[in-house]
Protein chains: 2
Amino acid sequence: MTESELYQWLGKYGIKTPQCRVVKMDEKINIDFFPAVLKIQSPKIVHKSDVGGVMLNLNSNEELENAREKMKKNIQEKHKIPLDSNDCFIITQMLEGEELYIGSVEDSVFGDIILFGKGGIYLELYKDICYIDSQAKEDEILRAFKTTKISKLFEGFRGSTHQMSEVVELVKSVQKLILSNPDILELDINPLKLTKNGLVAVDARIKKGSLVSGDTQRKLPRPDFLNNQRIAIIGASTDKTKTGHVVAKNSMGFKGELFFVNQKGGELFGKPLLKSVGEINGDIDTAVLAIPAQFVIPTIKDLIKKNLKNLIVITAGFKESGHEQEELEIGKLAQENNFNVLGPNCLGYFNDNTNLNLTFGTGNLKSGGVAFISQSGAVLAALMDSANTLEIGFSHIVSTGNAVDLESSDLIPMLQKDPRCKSISLYLEGVNKGKNLLESIRSCQKPIFLFKSGKSEEAAKAAFSHTGNLSGNYDMFAGLMKSLDVRVVDNIEALILKPMFHNSKEIAIITNAGGPGTVLTDAIVARGKKLYTLNDQNIQALNKILPEHWSHNNPIDIIGDALADRYKAALDVVDSFDGVDFIYMLITPQDMTDPLGSVKILKESVYKHKVAPILIGGEMVEEAKEFCRINKILFFSSITEATSFL
Amino acid sequence: MTESELYQWLGKYGIKTPQCRVVKMDEKINIDFFPAVLKIQSPKIVHKSDVGGVMLNLNSNEELENAREKMKKNIQEKHKIPLDSNDCFIITQMLEGEELYIGSVEDSVFGDIILFGKGGIYLELYKDICYIDSQAKEDEILRAFKTTKISKLFEGFRGSTHQMSEVVELVKSVQKLILSNPDILELDINPLKLTKNGLVAVDARIKKGSLVSGDTQRKLPRPDFLNNQRIAIIGASTDKTKTGHVVAKNSMGFKGELFFVNQKGGELFGKPLLKSVGEINGDIDTAVLAIPAQFVIPTIKDLIKKNLKNLIVITAGFKESGHEQEELEIGKLAQENNFNVLGPNCLGYFNDNTNLNLTFGTGNLKSGGVAFISQSGAVLAALMDSANTLEIGFSHIVSTGNAVDLESSDLIPMLQKDPRCKSISLYLEGVNKGKNLLESIRSCQKPIFLFKSGKSEEAAKAAFSHTGNLSGNYDMFAGLMKSLDVRVVDNIEALILKPMFHNSKEIAIITNAGGPGTVLTDAIVARGKKLYTLNDQNIQALNKILPEHWSHNNPIDIIGDALADRYKAALDVVDSFDGVDFIYMLITPQDMTDPLGSVKILKESVYKHKVAPILIGGEMVEEAKEFCRINKILFFSSITEATSFL
């Protein structure tokens with residue numbers, strides 16, 4: 001494409017380009033856009049600059065004509081390239097304005113993705129860019145764009161009159177362009193100039209080609225994985241060291257029909273151990289496999305005869321141990337017979353609706369609103385155990401394991417429909433069906449919290465050796481998630497804690513020391529949360545119960561000699577403040593402090609707000625911590641820990 | 001100053017400026033630097049652009065003369081400003097190049113400070129700037145500069161041939177300029193262009209004035225605060241609820257002479273309680289005051305007669321309670337009689353040399369190489385307690401409190417001279433003598449770890465209400481500290497942990513789960529540390545003792561069914577690897593895991609490398625944690641906590 005053809009092509013999709021005119025070798029020049037740039041346009045010349053074929057900053061038609069003569073002479077005489085009447089010149093408007101960038105790539109995980117941000121050398125230096133899905137709606141485009149610093153130029157920064165809508169329109173044009181040209185692998189509009197007349201594409205480069213998409217669609221709509229009535233546990237075992245024993249034990253609270261299968265026969269928890277799948281009376285909709293890998297495929301074939309809808313393969317020893325073929329075979333059977341597969345190599349599944357615990361994690365699961373999907377069984381096991389200690393409840397737990405079939409993108413729409421799920425927490429290592437994931441999140445109305453491992457190259461390598469999944473570009477991943485309003489967290493504990501606190505906006509601190517109170521304030525602000533501002537009434541209420549020199553401010557410093565009674569008096573008052581969402585009770589061991597007495601208040605009294613003690617120090621606060629552990633009171637041992645989920 | 005005078009003035013200090021020529025109203029123009037800019041230069045015109053007094057991009061002397069005619073006409077006819085033969089025009093070279101920035105401010109805390117970085121609108125948008133002390137040496141300038149992203153333009157980025165030395169020379173010129181012009185309050189060289197011929201100042205703006213410096217110098221050299229032979233504790237009390245009792249109790253291990261004073265008389269810990277300072281036999285060099293505030297000044301006057309060298313005022317109730325005058329009086333007495341004052345309102349002082357614990361914190365202090373200076377007594381008390389639990393030892397502890405006299409800047413040179421101090425940890429809230437602090441750090445050869453509170457506006461407000469100290473600009477503070485190679489940490493626990501680990505560069509992970517291993521890898525890399533790379537020999541050694549499917553990579557995934565014996569076998573082998581500095585033992589509770597047995601290894605075996613277990617989960621790992629607590633084994637409960645000090 002010549003430059004003028006390129007401009008025309010971009011224009012077709014509504015992308016603005018500079019004014020331009022093509023002139024012949026000796027044609028009289030008569031343009032009205034100055035300053036202008038003159039360039040040679042000839043199939044014989046690829047690198048124009050190398051032969052003096054570009055001249056900038058020309059201010060009149062006369063200057064342009066002189067420049068053309070000079071250029072012709074230079075090319076023909078100095079560079080010995082003969083020009084003829086097929087060659088011509090292009091004159092373009094020279095534009096003033098900030099250099100921005102827009103482009104697209106076809107990513108192996110997410111398909112076509114648009115990048116927008118600061119251009120020129122700063123594209124690489126400041127990486128002030130955002131990632132936008134080719135299918136993104138206006139709100140996503142805006143959310144992504146607002147994560148860039150350059151977006152301030154569209155919000156009146158230094159008197160700028162540019163509007164965010166200019167960017168949204170441009171992104172939509174680029175979406176249209178890549179949709180209409182599926183053969184584009186990469187598009188680079190660089191520089192993109194922010195001129196008085198809006199965003200103008202000065203140059204563009206295209207790379208054609210095509211990636212094989214990893215996304216596969218099932219021909220038939222899936223059964224609802226979360227609907228389980230008649231369940232079989234294959235490999236239920238009387239041997240306490242076997243996974244199948246733990247799963248059978250955990251499953252006993254199930255409110256539907258439950259069958260145990262073990263070729264050895266016998267009895268377990270008062271139920272017969274059927275010797276084969278065939279012995280089950282009637283169909284079953286959900287089956288768990290906790291049997292050696294070599295029996296998995298034959299058993300699935302038996303289960304298909306029972307009209308299987310959902311299969312949970314806990315058994316390991318597939319892709320992660322070099323047996324990829326067998327794993328693909330499971331996926332193929334699922335496609336052909338339209339049942340769901342969870343795993344293989346997974347921790348199992350929990351659904352609070354029917355009190356169904358089909359995991360080999362802890363059997364002590366509480367009811368709650370958190371749905372948890374995890375690609376790592378170990379992370380899940382640890383967080384299930386932590387949640388149990390912290391009395392955090394789940395609506396669903398799904399361990400996707402090697403994810404031969406069911407992925408987060410399949411599960412999110414099912415969870416969206418289940419009213420017991422209030423929010424979704426995702427632990428992800430790699431993604432196969434990227435566009436599906438984006439679409440499922442786009443259609444989900446519930447808050448989603450997400451942790452993704454494999455941010456660094458080193459970790460991506462470790463994850464690959466561990467799961468065989470590619471981690472992909474983390475910046476792109478996180479950028480796309482933010483554009484979809486997903487809360488991307490930076491520590492795994494936040495996946496269970498943040499759902500409890502993400503609506504807490506205004507926080508109160510009751511502290512017996514100014515220094516740690518200041519440190520906590522910094523940590524809260526760094527997480528984008530704010531401290532509640534005490535009003536006159538609040539201050540008066542606190543004046544009545546606190547010593548004269550209390551801070552008169554939030555953090556509410558109740559002074560170093562505060563004993564438990566003063567903490568209680570302050571808590572009682574602060575708990576009554578309407579604007580407060582959440583209260584930190586910061587306890588630093590000083591001369592007079594009574595950490596144990598101070599946390600006992602939380603067992604003895606009921607507060608309408610969440611209150612969490614932070615106990616900093618060592619032996620002097622250990623007894624208080626022990627009390628909290630025993631009484632399942634959420635507490636923290638450091639300011640970092642206490643704020644890492646905000 | 002006119003533009004040409006400004007250029008001349010900057011040139012005097014070696015700062016490059018564009019070529020320029022001043023021409024009269026009708027003088028023939030004959031310059032040879034194109035493109036050029038023409039500007040009116042007249043005392044009658046302040047804002048040149050407003051009257052069309054600037055014309056850019058002029059390419060010949062003829063164009064310049066035409067432009068001058070047009071400009072004259074425009075100013076006189078359209079804007080009705082008569083020009084005469086005193087007015088003239090300035091022609092400057094129009095320069096191509098990146099827009100950078102250099103400037104200086106006179107900061108209320110640190111005095112003259114130079115700012116260098118990306119200029120133009122991006123100065124504000126990207127804040128890619130560094131802070132350099134006006135007294136900084138070359139290594140400091142370079143260290144500061146390298147914290148900016150723009151510094152890559154001087155390291156061959158995209159074929160750039162610019163050298164770091166260009167920036168160092170420019171900074172030195174600006175240092176010379178501000179040193180020679182003490183009346184400059186603010187200097188802004190903006191834009192500073194990075195041209196083919198180096199860094200050129202295109203425009204500059206100066207604000208004159210002067211701040212009153214807070215730095216005061218003592219007339220006489222201070223006594224060495226760390227040298228204590230004969231000590232008096234005033235307010236030593238038999239009443240266990242009194243601070244003076246705790247201090248007296250903690251002091252009992254002191255190897256020098258110790259006197260207790262209490263007006264009530266009697267005996268304490270087998271020593272007489274002298275009724276007044278006068279009763280002490282002979283001079284005393286160090287005194288502690290733990291008496292009511294109103295007795296402090298009279299007692300100091302008595303102590304002066306005893307040739308006092310060092311005074312520690314634990315007593316509170318001065319500036320922080322509105323009694324600033326009394327506090328200043330203490331400072332004045334110290335100046336006049338040349339003794340050091342620590343406090344008032346402080347936690348005290350510990351010196352391991354003579355086993356001198358004059359704090360009212362924990363009495364269980366271990367010997368070690370960490371010198372700790374803290375502006376917050378509560379943070380110090382908590383960290384002393386934590387250090388005790390973690391068996392971390394101190395060489396010195398100094399609680400500066402309200403810091404009427406001794407500040408960190410006075411203490412650092414003393415600690416520098418004491419060979420028992422291996423590193424210095426600083427907890428700072430505000431700084432008074434900024435230039436002194438910079439100079440003391442500059443001269444210190446030991447590693448310094450620093451946490452500063454009051455980063456956010458909200459926290460700065462809290463800190464001010466708590467200590468009465470202004471926090472200053474945190475970015476400037478942190479930038480200056482980094483230029484001095486101070487390790488600025490982001491959590492207070494790192495102040496005691498980082499000194500142990502800051503030399504650990506290559507880390508090994510032994511884990512029973514791939515997912516958490518990947519998360520830990522990300523966290524380590526995010527802290528700028530790296531994973532040790534296993535060589536062939538290492539892999540062979542591990543092959544011998546691990547199951548076939550171990551990760552063959554670091555993180556060393558010893559597989560989910562690992563019991564304590566496999567952890568021990570792996571630890572024994574990894575401990576023998578020369579390149580490893582530090583080993584994490586990541587324990588995630590799974591089906592088979594034995595957390596307690598696995599941590600018991602650390603009590604039963606001795607490893608040459610530091611090994612720290614990370615126990616993630618809840619109840620399932622609680623027993624193992626308890627074992628670590630009792631046996632003083634350093635352990636962590638989360639990956640965030642485990643890496644926050646790296």
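So, how was this worked out
- Residues numbered from 1 in each chain as written.
- Chains lettered and ligands numbered in written order.
- Predicted model: local features only at pLDDT ≥ 70, side-chain atom pairs only at ≥ 80, totals over all residues.
- Heavy atoms only, no water.
- Helix = DSSP H or I, 4+ residues; strand = E, 2+ residues; numbered from the N terminus.
- Buried < 20%, exposed > 50% of the residue type's maximum accessible area, 1.4 Å probe, protein only.
- Contact = heavy atoms within 4.5 Å.
- Areas by Shrake-Rupley, 256 points an atom, 1.4 Å probe, with all protein chains shown as cover.
- Lys, Arg positive; Asp, Glu negative; His and termini not counted.
- Charge placed at Lys NZ, Arg CZ, Asp CG, Glu CD.
- Pairing = 2+ DSSP bridges.
- Right-handed = clockwise from strand over helix to strand, strands pointing away.
- Core = buried A, V, L, I, M, F, W, Y, C linked by side-chain atoms within 4.5 Å.
- Buried area = accessible area lost by both parts, 1.4 Å probe.
- Salt bridge = Lys/Arg side-chain N within 4 Å of Asp/Glu carboxyl O.
- Phe/Tyr/Trp six-rings, centres within 6.5 Å; stacked < 30°, edge-to-face > 60°.
- Lys NZ or Arg CZ within 6 Å of the ring centre and 35° of its normal.
- Least-squares fit on C-alpha atoms with pLDDT ≥ 70 in both.
- pLDDT = per-residue confidence, 0-100.

(A) Region of interest: the overall build of chain A. Counting its regular elements, chain A contains 20 helices and 29 strands. Taken over the C-alpha atoms alone, chain A extends approximately 100 × 80 × 35 Å along its principal axes. Relative to its 646 residues, chain A shows a buried fraction of 59%. Residue pairs in contact within chain A that sit at least 24 positions apart in sequence constitute 69% of those at least 6 positions apart. Total accessible area on chain A stands at roughly 26400 Å², and carbon and sulfur atoms take up 49% of it. When the 74 basic and 81 acidic side-chain charges of chain A are each reduced to a single mean position, those positions are 3 Å apart.

(B) Summary view of the pairing of strand E29 (residues 610-615) of chain B. Residues and elements named next belong to chain B. With five of its six residues buried, E29 lies for the most part within the structure. As paired strands, strand E28 (residues 582-587) and E29 are joined by six bridges and run parallel to one another. Following the sheet pairing, Tyr584 is matched in E29 by Ala612. A crossover links E28 with its parallel partner E29, the connecting element being helix H18 (residues 595-604), and its sense is right-handed.

(C) Spatial organisation of the nonpolar core. Membership of the largest hydrophobic core comes to 202 residues, with the highest contact counts inside it found for Phe225(A), Ile424(A), Tyr584(A), Phe225(B), Ile424(B) and Tyr584(B). Grouped together as the second largest cluster of nonpolar side chains are 78 residues, Val171(A), Ile132(B), Ile178(B) and Ile189(B) included.

(D) Focus on the interface of chain A and chain B. Tallying the contact residues gives 82 residues for chain A and 82 residues for chain B. Buried area between chain A and chain B, both sides added, is near 6400 Å², and the carbon and sulfur share of it is 58%. When residues of chain A are sorted by the area they lose upon contact with chain B, Leu125(A), Tyr126(A) and Asp522(A) head the list and together hold 10% of the total. Put simply, chain A and chain B have four salt bridges between them.

(E) Structural view of the packing of aromatic side chains. Tallied over the entire structure, the rule returns 30 aromatic pairs over all chains. Ring plane angle 80 degrees and centroid distance 5.9 Å describe the contact between Trp9(A) and Tyr13(A), whose orientation is recorded as edge-to-face. A ring pair is formed by Phe501(B) and Phe645(B), whose centres lie 4.7 Å apart and whose planes are at 40 degrees; its orientation type is tilted. With Phe501(B) in helix H14 (residues 494-501) and Phe645(B) in the segment after helix H20 (639-643), the pair connects residues that are 144 residues apart, well separated along the chain. You'll find Phe501(B) and Phe645(B) in the same group, each marked buried. An aromatic cluster is built from Phe501(A), Phe582(A), Tyr584(A), Phe636(A) and Phe645(A), whose rings are joined through pairwise contacts. Of note, Lys455(A) hangs over the ring of Phe451(A), and the distance from its end group to the ring centre comes to 4.1 Å. Between Lys610(A) and the ring centre of Phe501(A), over which it is positioned, the NZ or CZ distance is 5.3 Å.

(F) Structural detail: the environment of Leu38(A). Residue and element names in this part refer to chain A. Among the secondary structure elements, Leu38 is positioned in strand E2 (residues 36-41). Leu38 sits 17 residues away from Met55 along the chain, and the two C-alpha atoms are 5.2 Å apart. Excluding anything up to four places from it in sequence, Leu38 contacts Gly53, Val54, Met55, Leu58, Leu64, Ala67, Arg68, Met71, Phe89, Ile90 and Ile91.

(G) Inspection of the relation of the copies chain A and chain B at higher detail. Least-squares fitting of chain A to chain B yields an RMSD of 0.1 Å, with the superposition described by an axial translation of 0.1 Å and a rotation of 180 degrees. Taken together, the rotation angle and the small translation identify this as a two-fold axis. Closest to the rotation axis within chain A is the C-alpha of Glu641(A), separated from it by 3.5 Å. Taken together, the interface assignments show that 100% of the residues at the interface of chain A recur at the interface of chain B, consistent with an identical surface on both copies.

(H) Examining the pattern of salt bridges more closely. A complete count under the given rule lists 64 salt bridges over all chains for this structure. Taking the shortest distance from any N to any O, the salt bridge between Asp183(B) and Lys208(B) comes out at 3.3 Å. In this pair, Asp183(B) sits in the loop between helix H5 (164-180) and strand E8 (184-195) while Lys208(B) sits in strand E10 (residues 204-208), placing the two residues 25 residues apart along the sequence. Residue Asp183(B) is classed as partly exposed on the basis of its relative accessible area, which comes to 33%. For the salt bridge of Asp572(B) with Lys568(B), the shortest nitrogen-to-oxygen distance reads 3.1 Å. Residue Asp572(B) and its partner Lys568(B) are both found in helix H17 (residues 564-575); the two are separated by four residues, about one turn of the helix. Each of Glu622(A), Glu626(A), Arg629(A), Glu622(B), Glu626(B) and Arg629(B) takes part in a single network of salt bridges with overlapping partners.

(I) Molecular detail of the environment of Leu125(A). Within the fold, Leu125(A) resides in helix H3 (residues 122-126). The contacts of Leu125(A), once residues within four sequence positions are left out, are Lys149(B), Ile150(B), Lys152(B), Leu153(B) and Phe157(B).

(J) Highlighting unusual backbone geometry. The linkage connecting Phe34(B) with the following residue, Pro35(B), adopts the cis geometry, with an omega of -10 degrees. With respect to the secondary-structure elements, Pro35(B) resides in the loop between strand E1 (20-23) and strand E2 (36-41). With an omega of 10 degrees, the peptide bond running from Asn554(B) to Pro555(B) counts as cis. Residue placement: Pro555(B) occurs in the loop between helix H16 (536-545) and strand E27 (556-557). With a phi angle near 65 degrees, Asn57(A) is a residue other than glycine that sits in the positive phi range. Tracing the chain through its elements places Asn57(A) in strand E3 (residues 54-58). A positive phi angle, close to 80 degrees, is found at Ile559(B), a residue other than glycine.

(K) Highlighting the confidence of the model for chain A. When pLDDT is averaged along chain A, the result is 93; 98% of the residues meet or exceed 70. Two summary scores accompany this predicted model of the complex, namely pTM at 0.92 and ipTM at 0.91.

(L) Structural context of the sheet that holds strand E18 (residues 348-351) of chain B. Residues and elements named next belong to chain B. In space, the seven strands of this open sheet follow the order E19-E18-E21-E20-E22-E23-E24, with mixed pairing throughout. Here the strands that pair on one side only, and so sit at the sheet edges, are strand E19 (356-359) and strand E24 (487-488). Two elements, strand E20 (residues 366-374) and strand E21 (residues 393-399), share seven bridges in a ladder whose sense is parallel. Each residue of the ladder has a partner; that of Val370, found in E21, is Phe394.

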